[in-house]
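One letter stands for each residue in the lines below.
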Amino acid sequence: MKKLCELLVGFECTTINCDLDIEIFGLSHDSRSVKDGYAFFALPGENQDGRDFAFHAMMRGARVIITEQQIDKGYPQVLTKCARTAMSLMAKAFYNNACDNLKVVGITGTNGKTTTTHILTHILRMGGVNTASIGTLGIGVDYETSKRLDPSIFEMSCLTTPDPIELHRLFYDLHSIGIKAIVMEASAHAIHLKKLVGITFDVGIFTNLSIDHLDFFQCYRKYADTKINWFQNETMKRAIINIDDIEGKKIQANHDDVIAYSLKDVHIELSSKGSRFTMKNKTFDFPLAGAFNVYNALAAIKSARLFGIRYEKIIDSLKNLPPVPGRFNTIDVNGVTVVIDYAHTPDGLEKIITSCREIVSGKGRLITVFGCGGNRDATKRPLMGSASAKLADFTIITSDNPRDENPRVIMLQIEAGVKLYTTSYCLVESRRQAIAHALKMAKPGDVVIVAGKGAENYQEIKGKKIPYNDHGVINNLMDKRQKSTKTK
């Protein structure tokens with residue numbers, strides 16, 4: 001519980017039409033979750049305006065409404081220029097500014113955020129820093145720590161970067177049980193929507209930038225600038241930047257304290273079993289294949305060094321790195337290597353195919369299975385099709401998370417990019433059947449890439465999340481094959 005006056009800090013209130021001493025027992029921007037004593041944030045939106053739900057919030061017990069425009073109902077309300085900024089700063093104050101007592105690392109970029117988060121979190125834990133991660137894969141803590149947390153923590157939204165009320169509750173709960181450092185993914189949406197306002201990052205990592213999310217940002221430049229402009233001296237103490245990326249060089253030029261990393265500084269040896277690279281006369285081995293994963297490891301190493309972790313400990317930690325769920329996970333299916341990966345952008349798909357070329361043995365072929373998400377950036381669909389057509393031997397276009405769109409329409413948009421370069425492809429709408437088709441046509445020595453969903457355990461169709469997992473489908477197909485072989 002906090003008094004309202006204790007929460008109105010760090011931002012301008014243009015009008016206050018309520019008692020500043022009222023007690024606030026919770027915060028929400030969703031009127032359905034408002035309880036007695038809550039502050040309700042009437043956020044502006046593209047399709048809905050939070051002010052339209054003010055009455056519902058008041059009926060459920062809201063004590064004050066935070067809004068950008070006056071609501072002519074006589075409700076107790078606070079007007080401010082940016083309700084989203086107010087929500088982030090009020091959430092921080094409500095949860096005792098817990099983030100100020102944590103070492104926070106933020107990782108942004110089109111690709112590599114999840115893997116870099118995974119690698120850095122592992123190194124820090126092995127180095128004795130009690131660390132939690134926040135990102136696409138959810139809340140990551142070790143087993144003993146998880147037993148001390150409220151189970152509802154793990155049921156929070158599956159957004160890459162949680163909304164600020166959830167996020168600051170996480171900071172508070174994690175700090176209260178002894179967590180010292182947070183490694184978190186920072187999405188472009190979160191930055192644009194002011195979710196991270198009020199957090200001073202000890203380290204900010206930039207991985208890379210390529211086309212994505214144009215459904216939201218409309219143009220690449222706006223998307224890129226959102227991430228670039230996040231690296232401000234006032235909110236980012238140190239910046240670790242991939243300077244092989246042209247956008248990374250822009251950050252390097254604008255931030256006062258940049259630690260750069262580049263593949264030009266390392267000697268790399270790649271294999272299907274992992275990667276080895278040498279930097280500053282030190283050799284690092286880790287079980288993730290592909291040059292793009294060397295980039296991720298370099299970012300994690302540079303950050304870990306800022307925490308005082310010795311190179312010897314980092315080398316040992318990388319050797320024992322556990323798999324990243326849904327990222328370059330490999331399964332052997334009767335001599336066929338199946339790679340499951342979250343790659344869902346043209347650049348990401350290109351990188352995973354290029355890396356898998358090293359796994360293909362002899363005259364083996366490389367087969368891709370992928371689709372694109374509905375209600376998302378449609379411009380990347382033909383680009384992903386073209387990337388697969390140019391680099392793979394055979395492409396199977398299928399469904400991903402069609403959401404409210406017709407999956408066949410999405411597939412045809414992907415096909416438009418494929419058929420510019422090849423006739424070696426087919427369309428199979430059922431993702432299960434597409435994977436089955438790939439495994440049926442594959443021979444020992446071939447590689448099958450199943451891309452786009454990674455560790456996701458659902459397909460989103462018409463507003464419903466239908467249970468589904470690529471790994472589970474492949475295991476099920478393997479079981480059926482084994483039973484069939486035994487029967488014969």
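Counting starts from 1 at the beginning of each chain's written sequence and moves along it residue by residue. Totals for whole chains, interfaces and linings use every residue, but because this is a predicted model, local features are given only for residues with pLDDT of at least 70 and side-chain atom pairs only at 80 or more, for both listing and counting. The side-chain numbers reported here are obtained from all heavy atoms of the structure, hydrogens and water having been left aside.

**Student:** Give me the lowdown on the overall build of the protein, citing residues and values where you can.
**Tutor:** Every helix listed is a DSSP run of H or I at least four residues long, and every strand listed is a run of E at least two residues long, numbered separately from the N terminus. The number of helices and strands found in the protein is 17 helices and 25 strands. The size measure is the radius of gyration over C-alpha atoms, and the globule rule it meets is 2.2 Å times the number of residues to the 0.38 power. Relative to its length of 488 residues, the protein is compact, with a C-alpha radius of gyration of 24 Å against a globular reference of 23 Å. Dimensions of the protein, computed from C-alpha atoms along their principal axes, come out at roughly 75 × 55 × 45 Å. A total of 488 residues make up the protein; the buried ones form 54% of that total. When checking whether two residues touch, look at their non-hydrogen atoms; a contact exists if any pair is within 4.5 Å. Sequence separation of 24 or more characterises 66% of the internal contacts of the protein that already satisfy a separation of 6 or more. As displayed, the protein offers around 21400 Å² of accessible surface, 48% of which is attributable to carbon and sulfur atoms. Placing the 62 positive and 53 negative side-chain charges of the protein at their respective mean positions leaves the two points 6 Å apart. When accessible area is computed with a 1.4 Å probe and restricted to protein chains, residues below 20% of their type maximum are described as buried, those above 50% as exposed, and intermediate ones as partly exposed. Each accessible area value is a Shrake-Rupley result obtained with a 1.4 Å probe; residue values ignore everything except the protein chains displayed when judging cover. Residues scored as charged are limited to Lys and Arg (positive) and Asp and Glu (negative), so that His and the chain ends carry no count. To locate a charge, take NZ of a lysine, CZ of an arginine, CG of an aspartate or CD of a glutamate.

**Student:** Give a description of the pairing of strand 16 (residues 274-279) that names residues and reports values.
**Tutor:** Two strands form a pair only when DSSP identifies at least two bridges running between them. Here strand 15 (residues 267-271) pairs with strand 16 via five bridges, running antiparallel. Bridged to serine 271 within strand 16 is glycine 274. As consecutive antiparallel partners, strand 15 and strand 16 are separated by two residues. Pairing between strand 16 and strand 17 (residues 282-286): five bridges, direction antiparallel. By the bridge assignment for strand 17, serine 275 is matched with phenylalanine 286. Counted between consecutive antiparallel strands, the loop separating strand 16 from strand 17 contains two residues, among which lysine 280 sits at a positive phi close to 55°.

**Student:** With reference to specific residues and values, describe the environment of glycine 112.
**Tutor:** Checked against the element boundaries, glycine 112 lands in the loop between strand 8 (103-108) and helix 4 (113-126). Here the alpha-carbon distance between glycine 112 and leucine 209, two residues 97 residues apart in the chain, equals 10.0 Å.

**Student:** Before we move on, can you summarise the sheet that holds strand 2 (residues 13-17) with the specific residues and values?
**Tutor:** Here five strands make up an open sheet; going across it, the order is 2-7-6-5-4 and the pairing mixed. What marks the edges here is a single partner per strand, and that holds for strand 2 and strand 4 (26-28). In this sheet, neighbouring strand axes are inclined to one another by 15° on average, regardless of whether the strands run parallel or antiparallel. Pairing of strand 2 with strand 7 (residues 77-80) involves four bridges; the strand directions are antiparallel. Opposite asparagine 17, over in strand 7, you have glutamine 77 as the bridge partner. Working convention: axes come from line fits to C-alpha atoms, limited for helices to the stretch in contact. Angles between N-to-C directions cover 0 to 180 degrees. Helix 3 (residues 83-94) rests against strand 4, strand 5 (38-42), strand 6 (64-67) and strand 7 of the sheet, and its axis sits at about 155° to strand 5.

**Student:** Quick rundown of the packing of helix 9 (residues 220-228) against helix 10 (residues 246-254)? Include the residues and the values.
**Tutor:** Interaxial distance between helix 9 and helix 10 falls to 10 Å at its minimum, and their mutual angle equals 40°. For the element pair helix 9 / helix 10, the angle class is oblique. Once helix 9 is placed against helix 10, the crossing between them reads as right-handed. Packed against helix 9, whose contacting residues are Tyr220, Arg221, Ala224 and Ile228, the element helix 10 presents Glu247, Lys250 and Ile251 at the interface. By the convention adopted, Pro, Cys, Tyr, Trp, Phe, Met, Ile, Leu, Val and Ala count as nonpolar, Lys, Arg, Asp and Glu as charged, and the other residues, Gly among them, as polar. Of the residues in the contact of helix 9 with helix 10, the class split is four nonpolar, no polar and three charged. We call two directions roughly parallel when the angle between them is under 35 degrees, roughly antiparallel when it is over 145, roughly perpendicular when it lies between 65 and 115, and oblique otherwise. A clockwise turn of the near helix away from the far one marks a right-handed crossing, whereas an anticlockwise turn of less than a right angle marks a left-handed crossing.

**Student:** Can you break down the sheet that holds strand 11 (residues 181-185) residue by residue, with the values?
**Tutor:** With mixed pairing, seven strands are arranged side by side in an open sheet as 10-9-11-8-12-13-14. Edge positions in the open sheet fall to strand 10 (138-140) and strand 14 (258-261), since each of these has one partner strand only. Within the sheet, the average angular offset between the axes of one strand and its neighbour, ignoring direction, is 15°. One ladder, built from five bridges, connects strand 12 (residues 201-206) with strand 13 (residues 236-242); its direction is parallel.

**Student:** Go over helix 10, please, and point to the residues and values.
**Tutor:** Buried residues of helix 10: Glu247, Gly248 and Ile251, and no others. Buried residues of helix 10 fall within an arc of 105° about the axis and therefore sit on the same side. Within helix 10, the exposed residues directed more than 90 degrees away from the buried face are Ile246 and Ala253. Residues of helix 10 that are buried in the fold lie against strand 12, helix 9, strand 13 and strand 14. The residue sitting at the N-terminus of helix 10 and contributing the capping side-chain oxygen is aspartate 245; that oxygen lies 2.8 Å from the backbone nitrogen of glutamate 247. By definition, the arc is the one covered by directions from the helix axis to the C-beta atoms. Nitrogen and oxygen atoms within 3.5 Å of one another constitute a polar contact, given that in protein one can donate a hydrogen and the other can accept it, and given that sequence-neighbouring residues count only through two side-chain atoms.

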